[in-house]
Amino acid sequence: MMNEEIASSSSTSSSGVKKIFLRLSQIYQSTLDRSTPHTKLRWIGAGILLLLFLLRIFVYHGWYIVCYAVGIYHLNLFIAFLTPKIDPEFDPYANDDDGPNLPMRSNEEFRPFIRRLPEFKFWLSIVKSTLIGLVCTFFDCFNVPVFWPILVMYFITLFCITMKRQIKHMIKYKYLPFTRNKPRYQRVNEPQTTANSK
């Protein structure tokens, strides 16, 4: 009889915990859904969070390894943001002669640029990684003593090499990951019907 009472009380407490976590995940997803259309505000918030992280690093003169790891992760995210979802180098439907090209005639297929990492996921990953890095700066076990100028030079070298490779890839396959001056079409007002005159 005691075992049944213990089993029933543990099942009710575990279902209560599941309900709490379910409710928290619903609130989290609802907040993300509400923030989706506000692109500029999201990126301003991410920039402020990143500045707070860097300010903490500079003020306390430590956690350079954490800063370096966050920087490498952000570089990796940025490269994924710049690359197309279907890499033209490995596209089985591409022309074998010179690689895929943009359509030259109106009867050719138009394939828009689709990113490997969409903008929203890029932003969310940056915010999460910056928050994790910021939390790591509150623990001394992550404050490994290193000679930080070497890390800075290594990061700059790595950034230049990867961006050079990415730009060569863009030039070779003739794509541009940013759309600037995209044409915007205005709504044409329909003529009013004569129903009002009747």
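About the criteria used
- Residue numbers restart at each chain and count upward from 1, following the sequence in its written direction.
- pLDDT decides what is reported in this predicted model: residues at 70 or higher carry local features, side-chain atom pairs at 80 or more are listed and counted, and totals for whole chains, interfaces and linings draw on all residues regardless.
- Only hydrogens and water are set aside; all other atoms, that is, all heavy atoms of the structure, feed into the side-chain values.
- We count a stretch as a helix when DSSP gives it H or I for four or more residues in a row; a strand needs E for two or more, and each element gets its number in order from the N terminus.
- For the exposure calls, accessible area comes from a 1.4 Å probe over protein chains only, and a residue counts as buried if that area is under 20% of its type's maximum, exposed if over 50%, partly exposed in between.
- Neither His nor the chain termini are counted; the positive set is Lys and Arg, and the negative set is Asp and Glu.
- Any Lys or Arg side-chain nitrogen found within 4 Å of a carboxyl oxygen on Asp or Glu counts as a salt bridge.
- We call two N or O atoms a polar contact when they sit within 3.5 Å, provided that within protein one can donate a hydrogen and the other can accept it, with sequence-adjacent residues counted only if both atoms are side-chain atoms.
- In this analysis, two residues are considered to be in contact whenever any of their non-hydrogen atoms come within 4.5 Å of each other.
- UniProt positions are given in the numbering used here, feature names are shortened, and annotations may be inferred rather than shown by experiment.
- Angles shown run from 0 to 180 degrees and are taken between the N-to-C directions of axes, each axis being a line fitted to C-alpha atoms and, for helices, limited to the stretch in contact.
- Working definition: roughly parallel below 35 degrees, roughly antiparallel above 145 degrees, roughly perpendicular at 65 to 115 degrees, and oblique for all remaining angles.
- Crossings are sorted by hand: turned counterclockwise from the far helix by less than a right angle, the near helix makes the crossing left-handed, and turned clockwise it makes it right-handed.
- Polarity classes work like this: nonpolar for Ala, Val, Leu, Ile, Met, Phe, Trp, Tyr, Cys and Pro, charged for Asp, Glu, Lys and Arg, and polar for all others, with Gly in that last group.
- Here a Phe, Tyr or Trp ring, Trp counted by its six-membered ring, pairs with any other such ring whose centre lies within 6.5 Å, and the pair is stacked when the planes are under 30 degrees apart, edge-to-face when over 60, and tilted otherwise.
- Charge-over-ring placement is defined geometrically: NZ (Lys) or CZ (Arg) within 6 Å of the ring centre, and within 35 degrees of the ring normal.

**Thoughts on the side chain of Arg56**
Part 1: With respect to the helices, strands and loops of the structure, Arg56 is situated in helix α2 (residues 39–60).
Part 2: As a buried residue without a salt bridge, Arg56 has its nearest oppositely charged side chain in Asp140, at a separation of 7.3 Å.
Part 3: In terms of polar contacts, Arg56 uses its side chain to reach the side chain of Thr137, at 2.9 Å.
Part 4: Ignoring sequence-local partners within four residues, the contact set of Arg56 consists of Trp63, Leu134, Thr137 and Phe138.

**Remarks on the UniProt feature "transmembrane region" (unreviewed entry) in the protein**
Part 1: This chain's UniProt record puts "transmembrane region" (unreviewed entry) on residues 41–57, 63–82 and 146–163.
Part 2: From the first C-alpha to the last, residues 41–57 spans 24 Å; its make-up is 100% helix and 0% strand.
Part 3: Annotated as 95% helix and 0% strand, the span residues 63–82 places its first and last C-alpha atoms 29 Å apart.

**A closer look at the packing of α2 against helix α3 (residues 64–82)**
Part 1: One can describe the packing of α2 onto α3 by two numbers: an axis separation of 10 Å at closest approach and a directional angle of 150 degrees. Between α2 and α3, the crossing angle belongs to the class labelled roughly antiparallel. In this structure, α2 meets α3 at a crossing whose hand is left-handed. Touching Leu50, Phe53, Leu54 and Ile57 of α2 are Tyr64, Val66, Cys67, Val70 and His74, all from α3.
Part 2: Of the residues in the contact of α2 with α3, the class split is eight nonpolar, one polar and no charged.

**Considering the pattern of salt bridges**
Any two side chains of opposite charge can pair, given that their charged atoms come close.
Part 1: One pass over the structure, following the stated rule, counts one salt bridge.
Part 2: Residue Arg42 pairs with Glu119 through a salt bridge whose shortest N-O separation is 3.1 Å. Taken together, the positions of Arg42 in helix α2 and Glu119 in helix α4 (residues 119–136) put the pair 77 residues apart, joining distant regions of the chain.
Part 3: Look at Arg42 and you get buried, because its relative accessible area is 5%.

**Concerning the packing of aromatic side chains**
Part 1: Per the counting criterion, the structure on display carries eight aromatic pairs.
Part 2: Relative to Phe122, the ring of Phe78 lies with its centre 6.4 Å away and its plane at 35 degrees, an arrangement referred to as tilted. With Phe78 in helix α3 and Phe122 in helix α4, this residue pair connects regions lying 44 residues apart in the sequence.
Part 3: Since its relative accessible area comes to 26%, Phe78 is described here as partly exposed.
Part 4: Owing to a relative accessible area of 7%, Phe122 belongs among the buried residues under this scheme.
Part 5: Seen from their ring centres, Phe120 and Trp123 are 5.5 Å apart, and the 40 degrees between their planes marks the pair as tilted. In this pair, Phe120 and Trp123 are both assigned in helix α4, three residues apart and thus about one turn of the helix distant.
Part 6: Under the relative-accessibility criterion, Phe120 is labelled partly exposed at 21%.
Part 7: Following the ring pairs from residue to residue traces out a cluster consisting of Trp43, Phe78, Phe81 and Phe122.
Part 8: The lysine or arginine in question, Arg56, covers the ring of Trp63, its NZ or CZ lying 5.5 Å from the ring centre.
Part 9: A cation over a ring is seen here: Arg56 above Phe138, with NZ or CZ 4.0 Å from the ring centre.

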